[in-house]
Amino acid sequence: QAKADEFEALFNGSPIGLAITQDAHCRAVLMNPALAKMFNTRAGRTELPPPGQPPAAGAAHVFRHGREVPVDELPIQRTCAQGVELSDVELDVVHPDGHTVNVLGYAVPLHDPKGALRGAIGAFVDITERKHAEERLIAAERKLRESQHLVELAQEAGHVGFFDYHFAEDKLVRT
């Protein structure tokens, strides 16, 4: 009982989104509060729509590389269906109001005592801030390149240049 209590405390208190399938077809999923927050839903047991059906009205849509991911292709469902471990799966969770949460997903299969596949467990990390930082860095690098290009054009047009003086070597270097 102590181990079950410890697992429940970890599951419910983890800042990482966790999901455990509760059936062999991976339709019944138990979500912890962190994952429920990422998907803007309630923690606890959730029934996913059958393959080929869209998410319920008002539910978030999941995208990967700009393409909407059907429910049966989500990491935990793929792991459950194929029995393979998945890692570093980047997904964009887009809410009906347009708010997007970027997540990095992992999933591992669960087996029964006889080794048969019985489900999967998934972990999802919110990487939204990291993605925004990457976008800001890319924009800053682009601006720097544009500024450097303008400086080079001005130098060429004005027939001017810059130089560095290396004091230790007593040497003038033209650039």
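Residues numbered from 1 in each chain as written. Predicted model: local features only at pLDDT ≥ 70, side-chain atom pairs only at ≥ 80, totals over all residues. Heavy atoms only, no water.

### Quick look at the environment of G83
Thought 1: Structurally, G83 is set in the loop between α3 (75-82) and β6 (86-94).
Thought 2: As a C-alpha pair, G83 and L110 span 27 residues in sequence and 8.2 Å in three-dimensional space.
Thought 3: Non-local contacts of G83, meaning those with residues more than four positions away in its chain, are made with R78, P109 and L117. (Helix = DSSP H or I, 4+ residues; strand = E, 2+ residues; numbered from the N terminus. Contact = heavy atoms within 4.5 Å.)

### Focus on the nonpolar core
Thought 1: If you look at the biggest cluster of nonpolar residues, it comprises 20 residues, and the most contacted ones within it are A19, L35, M38, L91, V103 and F124.
Thought 2: Among the elements of the structure, β2 (28-31), α2 (33-38), α3, β6, β7 (100-111) and β8 (117-126) are those that each provide at least two residues to this core.
Thought 3: Take this core: its biggest share by element is 4 residues, from β6.
Thought 4: Among residues more than four places away in sequence, those in contact with F124 are I16, G17, A19, L35, M38, P75, L91, L104 and G105. (Core = buried A, V, L, I, M, F, W, Y, C linked by side-chain atoms within 4.5 Å. Buried < 20%, exposed > 50% of the residue type's maximum accessible area, 1.4 Å probe, protein only.)

### Some words on the state of the cysteines
Thought 1: Following the criterion strictly, the structure yields 1 disulfide and no others.
Thought 2: Covalent S-S linkage joins C26 and C80, the inter-sulfur distance amounting to 1.8 Å. Taking the torsion about the sulfur-sulfur bond, which here is approximately 105°, the covalent link between C26 and C80 counts as right-handed. Taken as a pair, C26 in the loop between β1 (17-21) and β2 and C80 in helix α3 lie far apart in primary sequence, 54 residues in all. In terms of burial, C26 and C80 fall into one category: buried. (Disulfide = S-S within 2.5 Å.)

### Here we look at the pairing of β6
Thought 1: As judged from the 3 bridges shared by strand β4 (residues 61-64) and β6, these two strands associate in the antiparallel manner. Looking at β6, one finds that H61 is bridged to V94.
Thought 2: Sheet analysis places β6 next to β7, joined by 7 bridges and oriented antiparallel. Considered in β7, the bridge of L91 is made with V103.
Thought 3: Hairpin connection of β6 to β7: 5 residues between the antiparallel strands, including G98 at a positive phi of 95°. (Pairing = 2+ DSSP bridges.)

### Looking at the pattern of salt bridges
Pairs can form between side chains of opposite charge whenever their charged atoms are close.
Thought 1: Under the definition given, this model contains 7 salt bridges.
Thought 2: Note that R130 is salt-bridged to E90, the shortest N-O span being 3.5 Å. With R130 in helix α4 (residues 128-158) and E90 in strand β6, the pair connects residues that are 40 residues apart, well separated along the chain.
Thought 3: Looking at R130, the relative accessible area reads 38%, which means it is partly exposed.
Thought 4: The partner of K131 in a salt bridge is E90, and the shortest N-O contact between them spans 3.0 Å. Taken together, the residues K131 in helix α4 and E90 in strand β6 connect sequence positions 41 residues apart.
Thought 5: Taken together, the salt bridges that share partners define one network made up of E90, R130, K131 and E134. (Salt bridge = Lys/Arg side-chain N within 4 Å of Asp/Glu carboxyl O.)

### Quick notes on the layout of surface pockets
Thought 1: Looking at the largest pocket, its volume works out to about 590 Å³.
Thought 2: Counting residues per element, the ones that place at least two in the lining of the largest pocket are β2, β3 (44-47), β4 and α3.
Thought 3: Of the residues forming the lining of the largest pocket, the biggest block, 3 residues, is contributed by α3.
Thought 4: Across the lining of the largest pocket, the residue classes tally to 21 nonpolar, 7 polar and 2 charged. (1 Å grid on protein atoms, 1.4 Å probe; cavity = no way out; pocket = protein on both sides within 12 Å on 5 of 7 lines; lining within 4 Å. Points joined across faces, edges and corners; volume = space filled by probe spheres on them. Nonpolar A, V, L, I, M, F, W, Y, C, P; charged D, E, K, R; others polar.)

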